[in-house]
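Examining the three-dimensional arrangement
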Amino acid sequence: MSACSVLRSIERVSQLVADFLGAPNTLTPAQAANLSREIELVRGSVRNLPLATAPKNDILRRLNQAQFLLANPTLSRVDTLLAVLNILSLAALKVKNRRLPCPPGLVIVHPSNRFSTVCRSCF
């Protein structure tokens with residue numbers, strides 16, 4: 001699993017959560033459970049990242065907090081959605097700021113060196 005795919009997954013889930021901000025009353029417990037399952041998929045992707053245990057567990061704990069908020073809405077629906085969005089953006093920031101190896105297949109050929117394979121950021 002690459003950091004790019006994890007970031008895309010977080011972005012996709014964030015968009016699903018943000019779609020409820022226009023009409024927060026439409027967020028039903030079943031839809032919150034679906035969002036929680038989507039976050040669980042992101043957690044699985046984070047588990048496959050080549051990170052040290054401490055940073056990986058930090059990101060996983062934050063995603064677990066988002067799932068907890070969706071399952072136990074102690075705040076208003078708007079506040080719950082905003083809190084989940086903030087947690088997802090923080091998780092994305094933590095993944096993005098880690099120096100992770102580039103996924104295979106990204107090759108840049110420079111005129112001065114035909115066989116140069118330099119990683120480029122895919123974000």
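Overview of the structure.

Analysis parameters
- Residues numbered from 1 in each chain as written.
- Predicted model: local features only at pLDDT ≥ 70, side-chain atom pairs only at ≥ 80, totals over all residues.
- Heavy atoms only, no water.
- Helix = DSSP H or I, 4+ residues; strand = E, 2+ residues; numbered from the N terminus.
- Buried < 20%, exposed > 50% of the residue type's maximum accessible area, 1.4 Å probe, protein only.
- Contact = heavy atoms within 4.5 Å.
- Expected span 1.5 Å × (residues − 1).
- 1 Å grid on protein atoms, 1.4 Å probe; cavity = no way out; pocket = protein on both sides within 12 Å on 5 of 7 lines; lining within 4 Å.
- Points joined across faces, edges and corners; volume = space filled by probe spheres on them.
- Salt bridge = Lys/Arg side-chain N within 4 Å of Asp/Glu carboxyl O.

Observations concerning the environment of V78
Position of V78 relative to the elements: it lies in helix 4 (residues 77-96). Its relative accessible area of 34% is what places V78 among the partly exposed residues. Once the C-alpha coordinates of V78 and N25 are considered, the two residues, 53 residues apart in sequence, prove to be 8.6 Å apart. Setting aside residues up to four positions removed in sequence, V78 forms contacts with L21 and P24.

As for helix 4
The end-to-end C-alpha distance of helix 4, which contains 20 residues, comes to 28 Å, matching closely the 28 Å that a straight helix rising 1.5 Å per residue would cover. Turning to helix 4, its buried residues are T80, L81, A83, V84, L85, I87, L88, A91, A92 and V95. In this fold, the buried residues of helix 4 make contact with helix 1 (3-18), helix 2 (29-47) and helix 3 (53-71).

Let's talk about the layout of surface pockets
What the second largest pocket holds in volume is close to 190 Å³. Looking at the second largest pocket, the residues that line it are L27, T28, P29, A32, A33, S36, L70, A71, P73, S76, R77 and T80. Of all the secondary structure elements, the ones that give two or more residues to the lining of the second largest pocket are helix 2, helix 3 and helix 4. Here the lining of the second largest pocket takes four residues from helix 2, the largest share from any one element.

Points about the pattern of salt bridges
Opposite charge on two side chains allows them to pair when their charged atoms are near. Applying the stated criterion to the full structure yields six salt bridges. Put simply, D58 and R62 hold a salt bridge, and the shortest N to O gap is 3.3 Å. In this pair, D58 and R62 are both assigned in helix 3, four residues apart and thus about one turn of the helix distant. For D58, a relative accessible area of 17% puts it in the buried group. Given a relative accessible area of 24%, R62 falls into the partly exposed group. D58 is the partner of K94 in a salt bridge, and the nearest nitrogen-oxygen pair spans 3.0 Å. Of the two residues, K94 sits in helix 4 while D58 sits in helix 3, which places them 36 residues apart along the sequence.

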